[in-house]
Amino acid sequence: MDSAPKTDRDKPLLLKTLSGEYTSRPPVWYMRQAGRVLPSYLELKKKHSFWQMMKDPELGARVTLLPVDDLGVDAAILFSDILVVPYAMGMGLEFTDNGPVFETALSKRDKPFQHLDPQPAKLEYIYRVITSVKKSKPPHIPLIGFCGGPLTVLCYMLEGLGKKADFPEAVKFIYKSKKDTKRLVDMLLEMSLEYIRGQVRHGIDVFQLFETHAGLIPWELYKEVFLPAVKTIAGELRDLNIPFIYFPKDIGTGIGDVSADYCDFLSVDWQTPIRQARKMVDPEIGLQGNLDPRLLYSEKPEIEKVLKNYIEFGKEHQNWIFNLGHGFKPGIPYEKVKYMTDYLKTADWHR
Ligand code: CP3
């Protein structure tokens with residue numbers, strides 16, 4: 001007897017899209033979907049600190065799954081932060097109302113290496129959160145693990161805090177000593193690989209690298225000093241059989257240089273129109289993105305107009321994941337996020 005026709009239900013939508021299979025609509029998830037815009041998260045935040053929510057396996061799993069329950073997104077992203085890696089390398093870290101702050105800014109030290117003391121065991125609490133998510137998540141929802149890109153994480157380590165968007169001390173350090181920068185990138189890469197293997201061992205289904213500050217330096221310099229680390233990460237994930245999404249924000253025409261050696265999917269920022277990105281990026285690489293989250297300050301007809309354009313794009317392109325062109329910031333109205341999610345999930349994608 002013929003087997004029943006395949007439906008979107010037999011394998012998570014996101015995993016199907018990542019492996020090039022047919023889906024009746026693109027998967028939908030959002031960068032920074034767990035914190036910031038969810039009323040349920042803002043309630044929990046009144047009672048628990050960010051560290052508490054990250055470190056407690058039950059709380060961490062609960063927050064990871066809030067957007068799945070509240071918004072109905074097609075994937076969960078681990079509730080953690082990119083700065084847990086330097087924390088595990090010995091850098092004291094606090095999350096304040098003004099963003100993350102390190103005890104020591106490495107750029108202020110004569111011998112920055114002596115202030116680092118990598119201890120992979122300091123990531124164990126995150127693996128407990130992953131185990132807890134795996135136990136409680138619905139089976140059709142894959143779990144996305146992540147870490148920060150080498151330049152982005154190094155910027156915070158060198159600068160000490162994330163308040164100044166242009167990271168002046170970090171960029172000065174990079175230009176003053178490429179040799180020291182490369183040595184720090186190597187140390188960071190080693191810890192990131194350890195962290196990636198740990199996440200995979202504990203059951204993540206997909207991995208994303210957040211290189212949010214890739215546009216801070218010329219692309220040529222990025223390619224020389226930082227991109228080799230991305231290739232190593234991509235190779236590691238390929239060996240581990242985990243789909244890899246790379247998000248190098250603000251690299252402009254640099255997206256044309258990213259070959260399939262660097263990622264399976266490329267997450268595109270909101271500056272580049274998605275169709276233009278599709279023309280520039282290697283056809284072997286799938287795309288993710290790239291709605292400007294601030295569109296959700298607009299009225300519904302305006303939002304609908306933009307979503308319809310994405311639906312047109314999605315009609316013709318299977319290897320694409322709907323997402324934002326950068327993570328949500330607090331203040332985006334939750335009700336609009338819900339409206340967008342429902343709209344995308346119930347639209348006729350003509351596939
Ligand atoms: O949905 C999620 O939020 C998933 C977990 C997640 C967090 N941070 C939790 C968090 C992820 C994927 C990140 C990534 C991250 N962290 C990036 C890349 C993000 C991107 O969209 O490109 C960066 C640059 C950081 C460093 C960081 N952590 C900053 C600059 C801040 C303060 C500003 C902000 O984003 O809110 C944080 C704190 C942080 N990380 C919060 C959360 C939920 C806010 C904590 C709170 O609610 O007080």
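Note that the structure is predicted; figures quoted are calculated from it, not measured.

*Asks:* How should I be thinking about the pairing of strand β9 (residues 320-324) in this particular structure?
*Replies:* Both faces of the sheet carry side chains from a regular strand, because those side chains alternate between them. Most of β9 sits inside the fold, with 5 of its 5 residues counted as buried. Here β9 shows a buried face lined by W320, F322 and L324 and a second buried face lined by I321 and N323. Pairing analysis gives 5 bridges linking strand β8 (residues 286-291) to β9, with the strands arranged parallel. Looking at the pairing, G289 lines up with F322 of β9. With respect to chirality, the unit in which β8 leads through helix α13 (residues 300-316) into the neighbouring parallel β9 is right-handed.

*Asks:* Explanation requested: unusual backbone geometry in the structure shown.
*Replies:* The phi angle of most residues is negative, glycine excepted, and most peptide bonds adopt the trans form. Omega for the bond connecting G289 with N290 falls within 30 degrees of zero, at -10°, which places this linkage in the cis form. Its place among the elements puts N290 in strand β8. Backbone geometry places N241, a non-glycine residue, at a positive phi of 65°. In this fold, N241 is placed in the loop between α11 (227-239) and β6 (244-248). In this model, H350 sits at a positive phi of 50°, which is unusual for a non-glycine residue. Following the sequence through the fold, H350 ends up in the segment after α14 (334-346).

*Asks:* Help me out: how do you make sense of the site of the ligand in this one?
*Replies:* In the vicinity of the ligand there are 24 residues, among which R32, A34, Y41, D81 and T212 approach most closely. R32 is positioned with one of its side-chain polar atoms (N or O) 2.6 Å from an oxygen atom of the ligand. Measuring from an oxygen atom of the ligand, one finds a backbone N or O atom of G327 at 3.5 Å. Within the complex, 89% of the 860 Å² of free accessible area of the ligand lies under protein. Mapped by element, the contributors of at least two residues to the shell around the ligand are α2 (39-47) and β3 (99-102). Residues belonging to the shell around the ligand are distributed by class as follows: 13 nonpolar, 7 polar and 4 charged.

*Asks:* Sorry, what's going on with helix α4 (residues 57-70) here?
*Replies:* For an α-helix, 3.6 residues make a turn, and residues three or four places apart therefore share a direction. Under the 1.5 Å per step criterion, the end-to-end length of α4 is 20 Å for 14 residues, consistent within 8% with the ideal 20 Å. By the burial criterion, the buried members of α4 are L59, G60, A61, V63, T64, L65, L66, P67 and V68. Contacts made by the buried residues of α4 are with α2, α3 (50-55), β1 (76-77), α6 (124-136) and β4 (143-148). Positive phi appears at G72, one or two residues downstream of α4, with a value of about 80°.

Analysis parameters
Residues numbered from 1 in each chain as written. Predicted model: local features only at pLDDT ≥ 70, side-chain atom pairs only at ≥ 80, totals over all residues. Heavy atoms only, no water. Buried < 20%, exposed > 50% of the residue type's maximum accessible area, 1.4 Å probe, protein only. Helix = DSSP H or I, 4+ residues; strand = E, 2+ residues; numbered from the N terminus. Pairing = 2+ DSSP bridges. Right-handed = clockwise from strand over helix to strand, strands pointing away. Near = heavy atom within 4 Å. Polar contact = N/O pair within 3.5 Å; in protein donor to acceptor, adjacent residues only side chain to side chain. Areas by Shrake-Rupley, 256 points an atom, 1.4 Å probe, with all protein chains shown as cover. Nonpolar A, V, L, I, M, F, W, Y, C, P; charged D, E, K, R; others polar. Expected span 1.5 Å × (residues − 1). Contact = heavy atoms within 4.5 Å.

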